[in-house]
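For reference, the chains in residue letters:
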Amino acid sequence: MVFSSNIFLLFFLPIFFAAYFLTPQKFRNYTLLLFSLIFYAYGAPDFVFLLSGVCVVNYFLVRKMVGAKRQKLLCAVSIVLSLGLLLYFKYSNFIVENVNALLGLAHREPIPWRKVALPIGISFFTFQSITYTIDVYRGATPPSKKLSDYVLYIMMFPQLIAGPIVKYNSVAQQLISRKSTVEDCVTGFYRFVIGLSKKVLVANTLAVCADQAFGMGSDITTATAWIGILSYTFQIYFDFSGYSDMAIGLGRMMGFRFPENFNVPYISQSISEFWRRWHMTLGAFMKEYLYIPLGGNRRSVARTYFNLGLVFLCSGLWHGASWTFVAWGIFHGFFIIMDRIFLLDLLKKIGRVPSVIITFLLVNLGWVLFRADDIASACQYYKALFMFKSGGIIYQDAMFWFVFALAVLFSFLALSKKGQGIIDRVFAFQYNERQSWIMFACSIVLLVLSIGALCVSDFNPFIYFRF
C-alpha cells in the first residue's frame, strides 16, 4: 500500500484516523502500531513478522546493553543484526551475481542461488534501528521503557517506507506524550495534500516522458535526451519531496514533529550545498554516524578526502545494489572533494546564477547514473546528450509541458527573496485561525484533483520505495 493510491486515501486513511481519534489518548500508540503493521503487511506480508521480530530482539539487546560490562560487544551485536539484515536482503543478489560473473570469466561453475526478495523500506528500517542503538550507547537518550513504543518508532507507517530518517531522541518524548491540536490537524492535512499533489500531479506526469526517453536506447535524439533527463531531475525531486511532505503531514496530524528532508535543492551553488538541501536526514545520518566516527576533517587533508569519498561511496550503495549507484556515489563524492580543493572558490568568483546553473547541470548528469539500468545504458545516454544527434523532441503532450513549466518555476522560484516568500506561503502555509478555511479549501481542491488523476492514469510507485 502506498500513499498515492485510492485504497490508501479513500479507505485506509479515513478508517485509521477515525479509530485513532476515537481511541483514548493513552491507548493511541497501540492503535497507531496496529495500523502500521497492517499497512506494512498489505504490501509485504512475508516480511512483517520478520521485521517485527528483529525489532523485539534489538529492543532487549539494547536494554541489556545499558550498564553492562560488555557494553561495546552488545552494541556491536545490535548493529551487526541490523546491518546483516540489510546486507542479506539488499546486497546478496548483487554480490552473488558479480561473483558468478567472475567465475564465468574463469570458466568455473556458478554458485547456485535463488534470488532474495527485497522488503520495502528495509534501508530506512535499518538506519533508524542503528540510530537508536548508537544514541543509547552514547548516552544521548535513555532506552525506550516500553517495547511497543520502540516497535512503533521503527514501524510507524508515515515514515517507515521512505523516510525521513527520524532519530529516536527527537521523538522519544512525543511517543510518550503528545497532543494533536486543531492547528496540527489543519496544517498536517494541508502538508499531506501538498505532498500528494507533488507526487500525483507533477512527478507522475513527468515520469511518462522520463521513462520514454530512457527506454529509447540508441534511437534517442539529443533534444529528447535532454528533455528526458530534465524530466527525471524534476520527477525525482517532486516524487521524493512529495513523499516526505506526506509523511511529515501525517505525523503532524497525530502530534509528531518529523524533521524536514528537503530545502529547494536545485538552487544550490555547489554540490556541497546540494547535499545540505537534498535528503537532509540521510546527509545528517551519514555525517553523524559515519563521517565523524571515521575522523571527519580532524585528521590529515588526505584522510579527510578519503572519509568524504567513503561516505559518498556508501551513500551510493545505500541507494541500491548496482554499479550505477556505486558510480553515482563516486560522482558526487568526487565533486564534494573538488569543492574542498578549489571548486567552491571558483564558483564564488563567477557569481550566484552561473554557480546555480553549473551545479544544476552536474546534478542532472549524476541523475543519468541514478536512472539508467546499467553502466552501458548510462554511457549510451551520455553519448546521446552530447553527440548532437538531430531530430525533434518526441514528447509533444501539452499537459506535460504545462507541468514541466510548473516544476521549473517552483524549483527555482526561491532564487529571489520574493520567490522564497511565495514558496514558504504555498508549501509551508503558516496556520492562522482566521485563514484556516483557505488552507482547508485548497487542500480539498488539490485532494479531489489528485484522486481524479489517480483514477484515470497508470499507477506509478514512489521512486524511493525500492530503497
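## Side note on the pattern of salt bridges
Then, number 1: Tallied over the entire structure, the rule returns 12 salt bridges.
Then, number 2: Note that E288 and R138 form a salt bridge whose closest N and O atoms lie 3.7 Å from each other. Within this pair, whereas E288 is found in helix α12 (residues 280-291), its partner R138 is found in helix α5 (residues 122-138), the two being separated by 150 residues in sequence.
Then, number 3: What makes R138 partly exposed here is its relative accessible area of 43%.
Then, number 4: In this structure, the salt-bridge partner of D184 is R257, at a minimum N-O distance of 3.1 Å. Taken together, the positions of D184 in helix α9 (residues 182-214) and R257 in the loop between α10 (222-253) and α11 (271-277) put the pair 73 residues apart, joining distant regions of the chain.
Then, number 5: What makes D184 buried here is its relative accessible area of 3%.
Then, number 6: Residue classification places R257 among the partly exposed residues on the basis of a relative accessible area of 42%.

## Observations regarding the domain arrangement of the protein
Frequently, the measure chosen for interface size is the accessible area removed from exposure when the parts meet.
Then, number 1: Segmenting the protein into domains produces domain 1 (6-177) and domain 2 (183-269 + 351-466).
Then, number 2: Between domain 1 and domain 2, the residue contacts involve 28 residues of the former and 22 residues of the latter.
Then, number 3: Each partner contributes to the roughly 2100 Å² buried at the junction of domain 1 and domain 2, and carbon and sulfur atoms together form 76% of this total.
Then, number 4: If you sort the residues of domain 1 by the area they bury against domain 2, L9, P158 and P164 come out on top, with a joint share of 25%.
Then, number 5: The tally of links from domain 1 across to domain 2 stands at 0 salt bridges.
Then, number 6: Counting every contact that joins domain 1 to domain 2 gives 3 residue pairs in polar contact (both at pLDDT 80 or more).

## Quick word on the nonpolar core
Then, number 1: By size, the foremost hydrophobic cluster in this structure holds 151 residues, and its most contacted members are F8, F125, Y266, W278, W367 and Y464.
Then, number 2: Tallying contributions element by element places α10 first for this core, with 16 residues.
Then, number 3: Built from parts of two domains, this core gets at least three residues from each of domain 1 (6-177) and domain 2 (183-269 + 351-466).

## Some thoughts on unusual backbone geometry
Then, number 1: The backbone of H107 shows a phi angle near 60°, a positive value even though the residue is not glycine.
Then, number 2: Positionally, H107 belongs in the loop between α4 (71-105) and α5.
Then, number 3: Its relative accessible area of 74% is what places H107 among the exposed residues.

## Quick word on the packing of aromatic side chains
Think of a pair of aromatic rings as described by two things: how far the centres are apart, and how the planes are tilted against each other in angle.
Then, number 1: For the structure shown, the criterion picks out 66 aromatic pairs.
Then, number 2: Residues F12 and F16 carry aromatic rings whose centres are separated by 6.4 Å and whose planes lie at 10° to one another, so their mutual orientation is stacked. In this pair, F12 and F16 both sit in helix α1 (residues 6-22), 4 residues apart, roughly one turn of the helix. F16 matches F12 in its accessibility class, with the two residues each being buried.
Then, number 3: Seen in terms of ring centroids, W278 and W367 are 5.1 Å apart; in terms of plane orientation they differ by 55°. Their pairing is tilted. Pair noted here: W278 is in the loop between α11 and α12 and W367 is in helix α15 (residues 352-371), with a separation of 89 residues, a long-range link. We note that W278, like W367, is buried.
Then, number 4: It is R28 that lies over the ring of Y20; its NZ or CZ is 5.3 Å from the centre.

## Focus: the environment of F370
Then, number 1: Tracing the backbone shows F370 in helix α15.
Then, number 2: Exposure remark for F370: the relative accessible area of 1% places this residue in the buried category.
Then, number 3: Note: C-alpha distance between F370 and W328 (42 residues apart in sequence) is 6.2 Å.

Conventions adopted
- Residues numbered from 1 in each chain as written.
- Predicted model: local features only at pLDDT ≥ 70, side-chain atom pairs only at ≥ 80, totals over all residues.
- Heavy atoms only, no water.
- Salt bridge = Lys/Arg side-chain N within 4 Å of Asp/Glu carboxyl O.
- Helix = DSSP H or I, 4+ residues; strand = E, 2+ residues; numbered from the N terminus.
- Buried < 20%, exposed > 50% of the residue type's maximum accessible area, 1.4 Å probe, protein only.
- Domains from an automatic or database assignment.
- Contact = heavy atoms within 4.5 Å.
- Buried area = accessible area lost by both parts, 1.4 Å probe.
- Polar contact = N/O pair within 3.5 Å; in protein donor to acceptor, adjacent residues only side chain to side chain.
- Core = buried A, V, L, I, M, F, W, Y, C linked by side-chain atoms within 4.5 Å.
- Phe/Tyr/Trp six-rings, centres within 6.5 Å; stacked < 30°, edge-to-face > 60°.
- Lys NZ or Arg CZ within 6 Å of the ring centre and 35° of its normal.

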